[in-house]
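Spelled out from the first residue to the last, the chains are:
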Amino acid sequence: MSNLQDKMFLELRNKALFKQVQDYSFEYLESVLERNVYPTEEALENLSVFDEALPLLTSKPENVLEQLHTYGSPATTATLGGRYFGFVIGSVVPVGLAAKNMATYWDQAPGLNVLSPIGSKLESVVERWLVELFGLPEKTCAGFVSGTSVATLCGLAAARYRILERNNWDINKQGLRNAPQIRIVTGTQAHSTVVKAVGMLGLGQENIEWVDVDDQGRIRADLVPEMDENTIVVLQAGNVNSGSFDDFETICKKANEANAWVHIDGAFGLWAGAVEKLKHLTKGSELASSWAVDGHKTLNTPYDSGIVLCSDEEALKAALHASGSYLVKSKERDGLFYTPEMSRRARIIELWAIMKYLGKEGIDEMVLTMYERANQFADEIREIDSFYVDNDVVFNQVLVRCDSDELTEKVLSTIQELRECWLGGSEWKGKKVMRVSVCSWTTTQKDISISVNSFKKALEIVLK
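Fair warning: this is a prediction, and the values are worked out from it, not measured in the lab. (Residues numbered from 1 in each chain as written. Predicted model: local features only at pLDDT ≥ 70, side-chain atom pairs only at ≥ 80, totals over all residues. Heavy atoms only, no water.)

A. Inspection of the overall build of the protein chain at higher detail. Regarding its fold elements, the protein chain presents 14 helices and 11 strands. Relative to the compact-globule value of 23 Å for 464 residues, the protein chain shows a C-alpha radius of gyration of 24 Å, a close match. Its C-alpha atoms give the protein chain principal-axis dimensions of about 70 × 60 × 45 Å. Within the protein chain, the proportion of its 464 residues that are buried is 52%. When contacts within the protein chain are restricted to residue pairs at least 6 apart in sequence, those whose partners lie at least 24 apart make up 72%. Carbon and sulfur atoms provide 51% of the accessible area of the protein chain, an area that totals close to 22,000 Å². A distance of 4 Å separates the average location of the 48 positive side-chain charges in the protein chain from that of its 64 negative side-chain charges. (Helix = DSSP H or I, 4+ residues; strand = E, 2+ residues; numbered from the N terminus. Rg over C-alpha atoms; globule rule 2.2 N^0.38 Å. Buried < 20%, exposed > 50% of the residue type's maximum accessible area, 1.4 Å probe, protein only. Contact = heavy atoms within 4.5 Å. Areas by Shrake-Rupley, 256 points an atom, 1.4 Å probe, with all protein chains shown as cover. Lys, Arg positive; Asp, Glu negative; His and termini not counted. Charge placed at Lys NZ, Arg CZ, Asp CG, Glu CD.)

Encoded structure:
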């Protein structure tokens, strides 16, 4: 046994080392809700301590952890708190964070049942829960991936497989050269990850048939072209800017009549279907063929937690096929057949823990509260001269602008510098806007008022 091996065996059993991390973690959690949302200039400058050559000798583990805590913790963006409204990123439900920590010690990879019976079991359970929660066809299966980007890639890969299979073309054996043409139909405000997936799958971004959208970013159902069985239609549950939802019922019915495949990008918006007062937004979504959704957005699971759902299990498994004489298949669920990865962490553990903890009523209450806070933000910001809300607030997104693009950009920059809240910018109807995404369970009425006041303060600074 080598000296290094001896050393690491001792460290594995060294409770003090893990207690050190626990203490640092508790210290972070105690302050994250009250601290500045974005790192200070000093914290960012101090990151230079990591600019070093790879050490020649081994380091003391306690020193490694101390450096991470001392210089890493202050340089984090406080997405766990209630005033981060930048990208659509949720906080973390406490039981999920605790479950993830437990899962970290387990270090499971549920690609095969024999690798992680607990991971396999929980994936089967959560699959059933999600199908019930979203009101999807009973035959729907789920793959647990890193995020919606990968989930959409998987959904479109399943669509590609099924369409070509109907044309007597085996994509896995024959590839795409000389393959039958596949049509892609989507709205002009489809998320960039959809375009990325189309390119990665070799379907050709230039082949996309773009359909105009209405004033809220919803695809115009009346302008959707005639579809056929070689068509993939991509719809949105939650426009990344306005938060709007496409007319699933109308478009899906037409698609089903033509035997076309419908994929719904529901990264944050599909969760509206789990809320009694909001489920009208996703009416008809159950008529699609595949869906992409994130846990780490609206459900507030820790990173990362993407989910692909597909009503055609054979197509999904065939599209993500895996083989090897060394693979030990089980009568139970073997997760690698539902995802692109063979090796991946058991992210299902914290997803199960949060859904188990919240239950249907808890999910309903948590998501509805985000909707209410978004509307509070819109109501309060409208009371301040020179601020305008440019979208119908139907879920969790609020688009705010000033009298001119120049003023909007200056105010946004000043808000970011103040660090009392954080949000990003976008463009809407040809104008610069500030995009407010409310998707944290920790966001309170007070947080909204503090943030709105930061907008007001920033405007006053810019106009001086």
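B. Representation of the sheet that holds strand β4 (residues 231-236) within the structure. Strand order in the open sheet formed by seven strands is β1-β7-β6-β5-β4-β2-β3, with mixed pairing between adjacent strands. One side of each edge strand has no neighbouring strand; the edge strands of this open sheet are β1 (141-145) and β3 (208-211). Going across the sheet, the axis of each strand differs from the next one's by a mean of 20 degrees, ignoring polarity. Sheet topology places strand β6 (residues 290-294) next to strand β7 (residues 306-310); five bridges connect them, and they run antiparallel. (Pairing = 2+ DSSP bridges. Axes fitted to C-alpha atoms, helices over the stretch in contact; angles between N-to-C directions.)

C. Structural context of helix α4 (residues 61-72). With 12 residues, α4 ought to run about 16 Å at 1.5 Å a step, and its terminal C-alpha atoms sit 16 Å apart, in line with that. Those residues of α4 lying buried are Pro-61, Leu-65, His-69 and Gly-72. Burial along α4 is one-sided: seen end-on, the buried residues are contained in an arc of 100 degrees. Its buried side turned inward, α4 meets α1 (3-12) and α2 (15-32). (Expected span 1.5 Å × (residues − 1). Arc of directions from axis to C-beta.)

D. A look at the side chain of Asn-230. In this fold, Asn-230 is placed in the loop between β3 and β4. Overall, the relative accessible area of 17% leaves Asn-230 in the buried class. What Asn-230 contacts, discounting residues up to four positions off in sequence, is Ile-163, Asn-167, Gln-181, Ile-182 and Arg-183.

E. Expanded view of the pairing of β7. Taking burial as the measure, the five residues of β7 include five buried ones, the bulk of the element. Alternating residues of β7 divide into Gly-306, Val-308 and Cys-310 and Ile-307 and Leu-309, and every residue in both groups is buried.

F. Up close: the sheet that holds strand β10 (residues 424-428). Here four strands make up an open sheet; going across it, the order is β8-β9-β11-β10 and the pairing antiparallel. Each edge of the sheet is formed by a strand with only one pairing partner; in this case those strands are β8 (388-389) and β10. Here five bridges tie β10 to strand β11 (residues 431-437), and the two strands are oriented antiparallel to one another. The residue of β11 that forms the bridge with Gly-424 is Arg-435. Its contacts with the sheet put helix α13 (residues 405-418) on β9 (397-401), β10 and β11, and the angle it makes with β11 is roughly 35 degrees.

G. Focus on unusual backbone geometry. Asp-304 follows Tyr-303 through a cis peptide bond whose omega is -5 degrees. Structurally, the position occupied by Asp-304 is in the loop between β6 and β7. Although it is not a glycine, Asn-178 adopts a positive phi angle of roughly 70 degrees. Despite not being glycine, Asn-300 shows a phi value in the positive range, around 60 degrees. Within the secondary structure, Asn-300 sits in the loop between β6 and β7.

H. Structural view of the nonpolar core. Counting residues in each nonpolar core, the largest one holds 60 residues, and the members touching the most others are Leu-130, Leu-235, Leu-299 and Leu-309. Dropping the residues within four chain positions of it, Leu-309 is found in contact with Leu-130, Phe-134, Leu-136, Thr-140, Cys-141, Ala-142, Ser-289, Ser-290, Trp-291 and Val-293. Within the second largest apolar cluster, 40 residues are counted, among which are Cys-154, Ala-179, Ala-315 and Leu-327. (Core = buried A, V, L, I, M, F, W, Y, C linked by side-chain atoms within 4.5 Å.)

I. Representation of the pairing of β3. The pairing of strand β2 (residues 183-187) with β3 spans four bridges and is classified as parallel. Bridge pairing in β3 places Ile-184 opposite Ile-208.

J. Examining the packing of aromatic side chains more closely. Tallying each qualifying case throughout the model produces nine aromatic pairs. On the numbers, 6.2 Å between centres and 25 degrees between planes, the contact of Tyr-38 with Trp-422 is stacked. You can see Tyr-38 sitting in the loop between α2 and α3 (41-45) and its partner Trp-422 sitting in the loop between α13 and β10, a full 384 residues away along the chain. Owing to a relative accessible area of 28%, Tyr-38 belongs among the partly exposed residues under this scheme. (Phe/Tyr/Trp six-rings, centres within 6.5 Å; stacked < 30°, edge-to-face > 60°.)

K. Spatial organisation of a nonpolar patch on the surface. A contiguous nonpolar surface patch, about 500 Å² in accessible area, is contributed by Phe-18, Met-102, Tyr-105, Trp-106 and Ile-118. Per-element accounting of the nonpolar patch gives the leading share, three residues, to helix α5 (residues 94-106). Note on placement: Ile-118 falls in helix α6 (residues 117-134). On the basis of relative accessibility, which here comes to 34%, the residue Ile-118 falls in the partly exposed class. (Patch = residues over 30% accessible without salt bridge, like charges linked within 9 Å, V, L, I, M, F, W, Y side chains within 5 Å. Salt bridge = Lys/Arg side-chain N within 4 Å of Asp/Glu carboxyl O.)

L. Region of interest: the packing of helix α12 (residues 348-382) against helix α14 (residues 445-463). Contact geometry for α12 and α14: axes closest at 10 Å, N-to-C directions at 35 degrees. Judged by the sense of rotation from one axis to the other, the crossing of α12 with α14 is right-handed. Only Gln-445, Ile-448, Ser-449, Ser-451, Val-452 and Phe-455 of α14 make contact with α12, whose side of the interface consists of Arg-373, Gln-376, Phe-377, Glu-380 and Ile-381. Taken together, the residues that form the contact of α12 with α14 break down as five nonpolar, four polar and two charged. (Left-handed = near helix turned anticlockwise from the far one by under 90°. Nonpolar A, V, L, I, M, F, W, Y, C, P; charged D, E, K, R; others polar.)

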